[in-house]
4 protein chains.
Amino acid sequence: MNKSIQAHQLNPYAIQLCTLGRWIAQRQWSPIGSGLFSIRTSEHSALFTDTSKDKNELSPADLVCFDLANPHQPDTVTAVHQFLYQLNPENKVILQTQELQATVFSRLIKADQHLFVGYEMQHQVAIDPAQRSCCPLVILEPQATELILQDLKQRFHREALPYAFLIRGHGLYVWGYSVDSAKRHLEAWQFLIACELERIKASCHFNS
Amino acid sequence: MNKSIQAHQLNPYAIQLCTLGRWIAQRQWSPIGSGLFSIRTSEHSALFTDTSKDKNELSPADLVCFDLANPHQPDTVTAVHQFLYQLNPENKVILQTQELQATVFSRLIKADQHLFVGYEMQHQVAIDPAQRSCCPLVILEPQATELILQDLKQRFHREALPYAFLIRGHGLYVWGYSVDSAKRHLEAWQFLIACELERIKASCHFNS
Amino acid sequence: MNKSIQAHQLNPYAIQLCTLGRWIAQRQWSPIGSGLFSIRTSEHSALFTDTSKDKNELSPADLVCFDLANPHQPDTVTAVHQFLYQLNPENKVILQTQELQATVFSRLIKADQHLFVGYEMQHQVAIDPAQRSCCPLVILEPQATELILQDLKQRFHREALPYAFLIRGHGLYVWGYSVDSAKRHLEAWQFLIACELERIKASCHFNS
Amino acid sequence: MNKSIQAHQLNPYAIQLCTLGRWIAQRQWSPIGSGLFSIRTSEHSALFTDTSKDKNELSPADLVCFDLANPHQPDTVTAVHQFLYQLNPENKVILQTQELQATVFSRLIKADQHLFVGYEMQHQVAIDPAQRSCCPLVILEPQATELILQDLKQRFHREALPYAFLIRGHGLYVWGYSVDSAKRHLEAWQFLIACELERIKASCHFNS
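Residues numbered from 1 in each chain as written. Chains lettered and ligands numbered in written order. Predicted model: local features only at pLDDT ≥ 70, side-chain atom pairs only at ≥ 80, totals over all residues. Heavy atoms only, no water.

## Some words on the relation of the copies chain B and chain A
Then, number 1: The operation relating chain B to chain A is a screw motion whose rotation component is 90 degrees, with 0.0 Å of axial translation and a residual RMSD of 0.0 Å. Classification of the inter-copy transformation places it as that of a four-fold axis.
Then, number 2: Of the interface residues in chain B, just 15% have counterparts in chain A that sit at the interface too, so the contact is made through distinct surfaces. (Least-squares fit on C-alpha atoms with pLDDT ≥ 70 in both. Contact = heavy atoms within 4.5 Å.)

As structure tokens, this is what we get:
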């Protein structure tokens, strides 16, 4: 066992991220080992899960250290994590999941965002009082990494996103200032998306 | 450990409420620690769950004693519990949950109540023979606490509610004269709401 | 412990029925202790579950012996069990469940039966080759016990039912010539009903 | 215990197939013991599950050795396995499941295939870059074994199938070059089918 692995295993943040990762996997929110979870360890570094690992058995030794200042062109998901860490030094934990209902929802809504209205649960993710009554979930198109990052920059420029957005057909990104808040945001968004999907399925009854 | 905590831990009602609370949490009916559960300990006092605690690990030491005669303006959920205890001295246990299907149902139905007809399960919650064949579930609008309590008073004045009502987008309130009856009413209403939501989703097939 | 209870506890059929009952309860097919399960012990006697017991913890001591030749007017569910045992001496196990999807299905279909077509699973319950390609599920109206039994007699007179029927809003009745076959028929009908309900929910997309 | 059974129990592929079989059964993807799973042991032989066994308790001793070169006319499911092994010597594991959502999907789609578009998950099953953006799932009609095999030959002649096809109302066939890849293909197709079924159910809202 080398020094780097030992360091991860003793890192309390690494242990917390793995616990959260296994909790996510148990809920079937990262099917076939999909999803990428990371936690910031310093201003310019973070620990990332390894995509090839079964997330039901995630342990600190499976985490990979990543230099956030690194200009290398990684895959889209890693690049988005990198972008979010650079955007706000307070962003501590980032979770990308590929859950069924979020995937369906991102395909169903044709607009570039969906407004959530009328759910008490919005309080859990609202950035400001306005979002408590009307909370936007941005939906990006899957495209080349550079274009996704460019679109993302414009969205954040327009308004503060409530700790989440979707890439159509690819999954949900959620973040927080701690492991606990990232988990709470993930659970709240999963609830909101599942509610809205159910509401849409039932609404056709009243439309006809 | 202080006297108050010891008292709760020895209180058989507290232990029962915590057992029920963990059962509710395991069914995912109180996501992100949402929901408020309480049990009457005397004419003017009750034990309440602490909203900040994970209800999967609820124990008597997490319960907070509350003076029901207290005129303080608490949050809406606590105020509604207080109202229900004052309404009927027989009300012993009150459960507020924020379950997905009840939330969706409360958003879907635009009227101020929904009538359940044709389910054998209505027998479990009916106050009188009339409700066995037609059982109303009242839906209140989310608004200022005082207005909710005022609306609630008028609804109870009009007719005895079958141990439950909804606040639109906020969750389901259920109560009973014992831990067992409150649990039975909760399970019956969850069943009825889930059935009706499924029925509505499937009905559009026959409408078109 | 009295002799009668000892007899049940040593009865291998009683043990099998309780095992099956707990399996049914774990699948949430008998919410709030609903459902009635029974097993024939002789030409004119059977063991019945006690409706007041939580079926997750069903044990032989909870079973009640019932004289099938008894002319007493019991509740509808017991009377239907009695009818089915008298109808065919080979009927050995009868299961009445109040599962969500069967309940919704029975409310959704307005006709007095629904024909299942195109499912390989129909082979598991078909009485004859004709039912393999078109398998009827009879739906009775909830009414006075005598009228239900009269309707049931007419349905059986018209054709052999494929080991199941529904009472609208009340639940599903399934039977078999052994514990294993009753379990297989229950599982097959739950599958068929759930499939058809899903198909109906998705069909409105193609109708419009 | 005879030599043949001992051989299976020591066969690492047999152990892997049984582990996968129990995983499938736990997800309720092979109700009532349905489904047939097999693993190639040589160019002309494979181990098959016994349809009469509960797949929750599958063990190597339950597997039956089958001569793939055997011209005997077996049942349709076995014949399809045999066909797939003969089609490509690299096909190592074949799984036939009778899961609810795949069954409903196969009944819902009237065409002889369905094209999956817009899901990142398509990468898991795509044979080539074209299938990453548009991935066909072939649906065969249930008919005599010979006609099914004939239809299947024509479909494979037209294009390489992405490791799966459906027989309408009968279930899903999935295969892979190893136990791991067959499992991954099964999980990916279950995800894709469940997503598409949800999308269809919700789409009627937007059509009307």
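## With respect to the relation of the copies chain D and chain A
Then, number 1: Turning chain D through 90 degrees and shifting it by 0.0 Å along the axis lays it on chain A, with an RMSD of 0.0 Å.
Then, number 2: A share of only 14% of the interface residues of chain D reappears at the interface of chain A, consistent with the copies meeting through non-equivalent patches.

## Side note on the confidence of the model for chain A
Any region with low pLDDT has predicted coordinates that should not be read closely.
Then, number 1: Overall, the prediction assigns chain A a mean pLDDT of 92, with 94% of residues at 70 or greater.
Then, number 2: Model confidence for the complex: the whole-complex pTM is 0.94, and ipTM, which rates the interface, is 0.92. (pLDDT = per-residue confidence, 0-100.)

## Considerations on the interface of chain D and chain A
Then, number 1: Taken together, the contact pairs 22 residues of chain D with 20 residues of chain A.
Then, number 2: When the two sides are added together, the surface that chain D and chain A hide from each other amounts to roughly 1,900 Å², 67% of it contributed by carbon and sulfur.
Then, number 3: Connecting chain D to chain A are 1 salt bridge.
Then, number 4: Across the chain D-chain A interface, the total number found is 7 residue pairs in polar contact (both at pLDDT 80 or more).
Then, number 5: For the side of chain D that touches chain A, the per-class residue count stands at 10 nonpolar, 5 polar and 7 charged. (Buried area = accessible area lost by both parts, 1.4 Å probe. Salt bridge = Lys/Arg side-chain N within 4 Å of Asp/Glu carboxyl O. Polar contact = N/O pair within 3.5 Å; in protein donor to acceptor, adjacent residues only side chain to side chain. Nonpolar A, V, L, I, M, F, W, Y, C, P; charged D, E, K, R; others polar.)

## Notes on the pattern of salt bridges
Residues and elements named next belong to chain C.
Then, number 1: This structure, assessed with the given rule, holds 32 salt bridges over all chains.
Then, number 2: Two residues, Asp-151 and Arg-155, come together in a salt bridge whose shortest N-O distance is 3.1 Å. You can see Asp-151 and its partner Arg-155 sitting in helix H6 (residues 145–158), 4 residues apart, about one turn around the helix. A single burial state applies to Asp-151 and to Arg-155, both of which are buried. (Helix = DSSP H or I, 4+ residues; strand = E, 2+ residues; numbered from the N terminus. Buried < 20%, exposed > 50% of the residue type's maximum accessible area, 1.4 Å probe, protein only.)

## Notes on the nonpolar core
Note on soluble globular proteins: their nonpolar side chains tend to be buried together.
Then, number 1: Residues Trp-189 of chain A, Trp-189 of chain B, Trp-189 of chain C together with Trp-189 of chain D are the most contacted members of the largest nonpolar core, which totals 172 residues.
Then, number 2: Each residue touching Trp-189 of chain D, except ones within four places of it in the same chain, is listed here: Phe-116, Val-125, Cys-135, Pro-136, Leu-137, Pro-162, Tyr-163, Ala-164 and Leu-172 of chain D. (Core = buried A, V, L, I, M, F, W, Y, C linked by side-chain atoms within 4.5 Å.)

## Details of the interface of chain B and chain A
Then, number 1: Counting residues at the interface gives 20 residues for chain B and 23 residues for chain A.
Then, number 2: For the pair chain B and chain A, the two sides together bury roughly 1,900 Å², of which 67% comes from carbon and sulfur.
Then, number 3: At the junction of chain B and chain A, the tally comes to 1 salt bridge.
Then, number 4: For Glu-198 of chain A, the salt bridge is made with Lys-201 of chain B, and the minimal N-O distance between the two is 2.8 Å.
Then, number 5: Linking chain B to chain A there are 7 residue pairs in polar contact (both at pLDDT 80 or more).
Then, number 6: Where the side of chain B that touches chain A is concerned, the elements lending two or more residues are helix H4 (100–108) and helix H7 (179–207) of chain B.

## As for the packing of helix H3 (residues 76–87) of chain B against helix H6 (residues 145–158) of chain B
Residue and element names in this part refer to chain B.
Then, number 1: Viewed as axis vectors pointing N to C, H3 and H6 meet at an angle of 30 degrees, and their least axial separation amounts to 10 Å. In terms of orientation, H3 and H6 fall into the roughly parallel class. By crossing handedness, the relation of H3 to H6 is classed as right-handed. For the pair H3 and H6, the contacting residues are Thr-76, Ala-79, Val-80, Phe-83, Leu-84 and Leu-87 in the first and Thr-145, Ile-148, Leu-149, Leu-152, Lys-153 and Phe-156 in the second.
Then, number 2: Here the residues of the contact of H3 with H6 are counted per class, giving 9 nonpolar, 2 polar and 1 charged. (Axes fitted to C-alpha atoms, helices over the stretch in contact; angles between N-to-C directions. Parallel < 35°, antiparallel > 145°, perpendicular 65-115°, else oblique. Left-handed = near helix turned anticlockwise from the far one by under 90°.)

## Thoughts on helix H6 (residues 145–158) of chain A
Residue and element names in this part refer to chain A.
Then, number 1: When the terminal C-alpha atoms of H6 are compared, their 20 Å separation across 14 residues agrees well with the 20 Å that a helix rising 1.5 Å per residue should span.
Then, number 2: Residues Thr-145, Ile-148, Leu-149, Asp-151, Leu-152, Arg-155 and Phe-156 constitute the buried set of H6. One side of H6 carries all its buried residues, which in axial view fall inside an arc of 160 degrees. The outward face of H6, more than 90 degrees from its buried face, is lined by the exposed residues Lys-153, His-157 and Arg-158.
Then, number 3: Structurally, H6 contributes buried residues whose contacts are with helix H3 (76–87), strand E6 (135–140), strand E7 (164–167) and strand E8 (171–176). (Expected span 1.5 Å × (residues − 1). Arc of directions from axis to C-beta.)

## Some points on the side chain of Ser-30 of chain C
Residues and elements named next belong to chain C.
Then, number 1: Among the structural elements, Ser-30 can be located in the loop between helix H2 (12–26) and strand E1 (36–42).
Then, number 2: Residue Ser-30 is classed as buried on the basis of its relative accessible area, which comes to 8%.
Then, number 3: Setting aside residues no more than four positions away along its own chain, Ser-30 makes contact with Ile-24, Ala-25, Phe-37 and Lys-55.

## Some words on the sheet that holds strand E2 (residues 45–48) of chain D
Residue and element names in this part refer to chain D.
Then, number 1: The mixed open sheet is built from 8 strands, whose spatial order is E3-E2-E1-E4-E8-E7-E6-E5. Where the open sheet ends on each side, the last strands, each with one partner, are strand E3 (64–67) and strand E5 (113–116). Averaged over neighbouring strand pairs, the angle between their axes works out to 20 degrees when direction is ignored.
Then, number 2: Here strand E7 (residues 164–167) pairs with strand E8 (residues 171–176) via 4 bridges, running antiparallel. Its bridge partner lying in E8, Ile-167 is registered against Gly-171. (Pairing = 2+ DSSP bridges.)

## Quick notes on the packing of aromatic side chains
Then, number 1: Scanning the model with the defined rule gives 36 aromatic pairs over all chains in all.
Then, number 2: Between Phe-156 of chain A and Trp-175 of chain A, the ring centres sit 5.8 Å apart and the planes meet at 45 degrees, which makes this aromatic pair tilted. Within this pair, whereas Phe-156 of chain A is found in helix H6, its partner Trp-175 of chain A is found in strand E8, the two being separated by 19 residues in sequence.
Then, number 3: Since its relative accessible area comes to 3%, Trp-175 of chain A is described here as buried.
Then, number 4: Each ring, one from Phe-165 of chain D and one from Tyr-173 of chain D, has its centre 5.0 Å from the other, and the planes form 15 degrees; the classification is stacked.
Then, number 5: Since its relative accessible area comes to 0%, Phe-165 of chain D is described here as buried.
Then, number 6: The structure contains a cluster of three or more aromatic residues connected by ring pairs, namely Phe-83, Phe-156, Phe-165, Tyr-173 and Trp-175 of chain A.
Then, number 7: Lying over the aromatic face of Tyr-13 of chain B, Lys-92 of chain B brings its terminal NZ or CZ to 4.0 Å of the ring centre. (Phe/Tyr/Trp six-rings, centres within 6.5 Å; stacked < 30°, edge-to-face > 60°. Lys NZ or Arg CZ within 6 Å of the ring centre and 35° of its normal.)

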